[in-house]
Amino acid sequence: MIYAQVLPTPIGPLSLLMREDALVAAGFTADPTEMFVRLALALQAEGLDVVDDLGPASQAVRDYLDGDLLALDAIPVEQPGTPTRKRLHQALREVKPGTTVSYGELAERAGLPKTAARAAGSACAQNLIAPFVPCHRVLPTTGGFGGYYYGVPVKEWLLAHESGRA
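### Considerations on the overall build of the protein
Here comes step 1: Within the protein, the secondary structure is distributed over 7 helices and 4 strands.
Here comes step 2: Listing the helices and strands of the protein from first to last along the sequence gives β-β-β-α-α-β-α-α-α-α-α.
Here comes step 3: With the C-alpha coordinates aligned to their principal axes, the bounding extent of the protein is approximately 40 × 35 × 25 Å.
Here comes step 4: By residue count, 46% of the 166 residues in the protein fall in the buried class.
Here comes step 5: When contacts within the protein are restricted to residue pairs at least 6 apart in sequence, those whose partners lie at least 24 apart make up 54%.
Here comes step 6: Only carbon and sulfur atoms are counted for the fraction: they give 55% of the accessible area of the protein, which is about 7900 Å².

Written out as structure tokens, the structure is:
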């Protein structure tokens, strides 16, 4: 069974989906089914149950919003992908709050050449567990904020929160 909870945040509802002890999806939406349908069919077959509290994952979100910017790092995550995509997602989790990297830098942190920036961008676009896998910390070298699945204003708020400007 996949268990879900929707938490209020200053930038809108955050849905968390958990299976056993790992988050399998998280995103800024009031409807957890929007995240659930992005999961692999095998996980969807387990069903979805919305609950009042997901324990440590929910507390990590509250702690993060209260200023403990490392709180999300303690929560195990699990998402599908090739070995390269998994390395990129792990490299994302190692980008510290209050800092940003380019897509090329993310590729290098994952052991790929800087020219693999497109693969890094794809890993960000396919990330199912925002902000726990913090793709919001990746910015284009051309300037600006680039894109974000949940909208650039959410990305801007997360970066401002992490830098103490929110």
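And the narrative resumes.
### Some words on the packing of aromatic side chains
Here comes step 1: Following the criterion strictly, the structure yields 3 aromatic pairs and no others.
Here comes step 2: On the basis of an interplanar angle of 65° and a centroid distance of 5.9 Å, the ring pair of Tyr148 and Tyr150 is categorised as edge-to-face. Residue Tyr148 shares its accessibility class with Tyr150, and that shared class is buried.
Here comes step 3: Ring geometry for Tyr149 and Tyr150: centres 4.9 Å apart, planes at 75°, overall edge-to-face.
Here comes step 4: Sitting above the plane of the Tyr149 ring, Arg38 keeps its charged end 4.1 Å from the centroid.

### Some points on helix α6 (residues 117-125)
Here comes step 1: Regarding α6, the residues found buried are Ala120, Ala123 and Cys124. One side of α6 carries all its buried residues, which in axial view fall inside an arc of 100°.
Here comes step 2: The elements touched by buried residues of α6 are α4 (83-93) and α5 (103-109).

### Some words on the pairing of strand β1 (residues 2-7)
Here comes step 1: Relative to strand β4 (residues 48-50), β1 runs parallel, the two being bridged by 3 bridges. Within β4, the position partnered with Tyr3 by the bridge is Asp49.

### Topic: the nonpolar core
Proteins that are soluble and globular tend to have nonpolar side chains buried together.
Here comes step 1: Among the nonpolar cores identified, the biggest contains 50 residues, and Leu16, Leu17, Leu23, Leu39, Leu106, Phe132 and Tyr148 are the most heavily contacted of them.
Here comes step 2: Those residues in contact with Leu39 that sit more than four places away from it in its chain are Ile2, Leu17, Val24, Ala25, Gln44 and Leu128.

### Remarks on unusual backbone geometry
Here comes step 1: Following Ala130, the chain continues to Pro131 via a peptide bond in cis, the omega torsion being -5°.
Here comes step 2: Secondary-structure assignment places Pro131 in the loop between α6 and α7 (152-162).

### Digging into the environment of Ser15
Here comes step 1: For Ser15, the location among the structural elements is in strand β2 (residues 14-19).
Here comes step 2: Separated by 135 residues in sequence, Ser15 and Tyr150 place their C-alpha atoms 12 Å apart.
Here comes step 3: Once residues within four sequence positions are removed from consideration, Ser15 is found in contact with Gln5, Val6, Ala25, Ala26, Gly27, Thr29, Ala30, Asp31, Pro32 and Met35.
Here comes step 4: Reaching out from Ser15, the side chain makes a polar contact with the backbone oxygen of Thr29 at a distance of 2.7 Å.

Each value, and the rule that gives it
Residues numbered from 1 in each chain as written. Predicted model: local features only at pLDDT ≥ 70, side-chain atom pairs only at ≥ 80, totals over all residues. Heavy atoms only, no water. Helix = DSSP H or I, 4+ residues; strand = E, 2+ residues; numbered from the N terminus. Buried < 20%, exposed > 50% of the residue type's maximum accessible area, 1.4 Å probe, protein only. Contact = heavy atoms within 4.5 Å. Areas by Shrake-Rupley, 256 points an atom, 1.4 Å probe, with all protein chains shown as cover. Phe/Tyr/Trp six-rings, centres within 6.5 Å; stacked < 30°, edge-to-face > 60°. Lys NZ or Arg CZ within 6 Å of the ring centre and 35° of its normal. Arc of directions from axis to C-beta. Pairing = 2+ DSSP bridges. Core = buried A, V, L, I, M, F, W, Y, C linked by side-chain atoms within 4.5 Å. Polar contact = N/O pair within 3.5 Å; in protein donor to acceptor, adjacent residues only side chain to side chain.

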